[in-house]
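Chain and residue survey
The chain contents come next:
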Amino acid sequence: MEAEGLDWLLVPLHQLVSWGAAAAMVFGGVVPYVPQYRDIRRTQNADGFSTYVCLVLLVANILRILFCPYYHFAKPAFSRSHSVECQHSGFGRFGRRFESPLLWQSAIMILTMLLMLKLCTEVRVANELNARRRSFTAADSKDEEVKVAPRRSFLDFDPHHFWQWSSFSDYVQCVLAFTGVAGYITYLSIDSALFVETLGFLAVLTEAMLGVPQLYRNHRHQSTEGMRLLPPGCRQDPLWNEG
């Protein structure tokens, strides 16, 4: 009787906690990038941040979005046969229980990484333009010829300048191209349980490699200047690998 009398308090409290947990899951992943974004914008220097971090997170979250709702598009026979496996699989559990928060988290993370890329590209291009102007000024005083760096574009398909393009629109084109190709392959292979599980594994594996680009950049420059230090254990999604 006492427990039933407290239902008026416990039910909304449970709902409030659920909403809070979902909000933390959705927005918690982008919080560490807010101070990094502000630092780059304040200093107008993006040298301390590796844009390949954005690439890793974009790929991981696009794959996750393709993976999460797979059972909505699968044929009924596949859905029924695969549902038993999903009961014992982290993929199936997350696909049902955490579907909406994970999809929202991935969408917000993709938007955040695009904003980071836009800012880094604008800062880098502006710095290159300023350096070029200084070079022209110095060359005019010495009657020397200054070579202008060519514009790098995604449509050049030059692997030596991959993810080092001169315009933010080139990054958007690359992301759209990858999403289109991956989405088409997923649509063709959606009836394969092996493909679906491989897709989920690749999303997790890609996210696990998140620290590699920044580590490589710091090792190459022998410096961590301009990089924001994140709290230990700070990850994009603590529930993605649970179970």
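Report on the accompanying structure. (Residues numbered from 1 in each chain as written. Predicted model: local features only at pLDDT ≥ 70, side-chain atom pairs only at ≥ 80, totals over all residues. Heavy atoms only, no water.)

1. Some words on the packing of aromatic side chains
- In this structure the tally under the stated criterion is seven aromatic pairs.
- Consider the rings of Phe154 and Trp165, whose centres lie 5.4 Å apart with planes at 75 degrees: the pair is edge-to-face. With Phe154 in the loop between helix 8 (99-142) and helix 9 (168-188) and Trp165 in the loop between helix 8 and helix 9, the pair connects residues that are 11 residues apart, well separated along the chain.
- The class of Phe154 is buried, set by a relative accessible area of 14%.
- Seen in terms of ring centroids, Trp163 and Trp165 are 5.7 Å apart; in terms of plane orientation they differ by 65 degrees. Their pairing is edge-to-face.
- Residue classification places Trp163 among the buried positions, given a relative accessible area of 2%.
- Here Trp165 falls in the buried class, since its relative accessible area comes to 3%.
- Here the aromatic cluster, defined as three or more aromatic residues joined through ring pairs, consists of Phe154, Phe157, Phe162, Trp163, Trp165 and Tyr171. (Phe/Tyr/Trp six-rings, centres within 6.5 Å; stacked < 30°, edge-to-face > 60°. Helix = DSSP H or I, 4+ residues; strand = E, 2+ residues; numbered from the N terminus. Buried < 20%, exposed > 50% of the residue type's maximum accessible area, 1.4 Å probe, protein only.)

2. So, the nonpolar core
- Residues Tyr33, Ile40, Phe49, Leu58, Met113 and Trp163 are the most contacted members of the largest nonpolar core, which totals 40 residues.
- Taken together, the elements giving at least two residues each to this core come down to helix 2 (7-28), helix 3 (33-43), helix 4 (52-67), helix 8, helix 9 and helix 10 (193-208).
- In terms of residue count, helix 8 provides more of this core than any other element does, 11 residues in total.
- Contacts of Ile40, omitting those with residues within four sequence positions, involve Asn45, Ala46, Phe49, Met116, Leu119, Cys120 and Val123. (Core = buried A, V, L, I, M, F, W, Y, C linked by side-chain atoms within 4.5 Å. Contact = heavy atoms within 4.5 Å.)

3. A word on the pattern of salt bridges
- Evaluated as defined, the whole model comprises six salt bridges.
- Notably, a salt bridge pairs Arg42 with Asp39, separated by 3.4 Å at the nearest N-O pair. Of this pair, Arg42 and Asp39 both sit in helix 3, three residues apart, which is roughly one turn of that helix.
- Taking relative accessible area as the criterion, Arg42 reaches 60% and is therefore assigned exposed. (Salt bridge = Lys/Arg side-chain N within 4 Å of Asp/Glu carboxyl O.)

4. Here's the deal with the packing of helix 4 against helix 9
- Relative orientation of the contacting elements helix 4 and helix 9 amounts to 30 degrees, with a least axis distance of 10 Å. Here helix 4 runs over helix 9; the crossing is right-handed. From helix 4, Leu58, Val59, Ile62, Leu63 and Leu66 reach across to helix 9, where they touch Val175, Phe178, Thr179, Ala182, Gly183 and Thr186.
- Per-class residue counts for the contact of helix 4 with helix 9 are eight nonpolar, three polar and no charged. (Axes fitted to C-alpha atoms, helices over the stretch in contact; angles between N-to-C directions. Left-handed = near helix turned anticlockwise from the far one by under 90°. Nonpolar A, V, L, I, M, F, W, Y, C, P; charged D, E, K, R; others polar.)

Interpretation in functional terms is not warranted from these geometric data alone.
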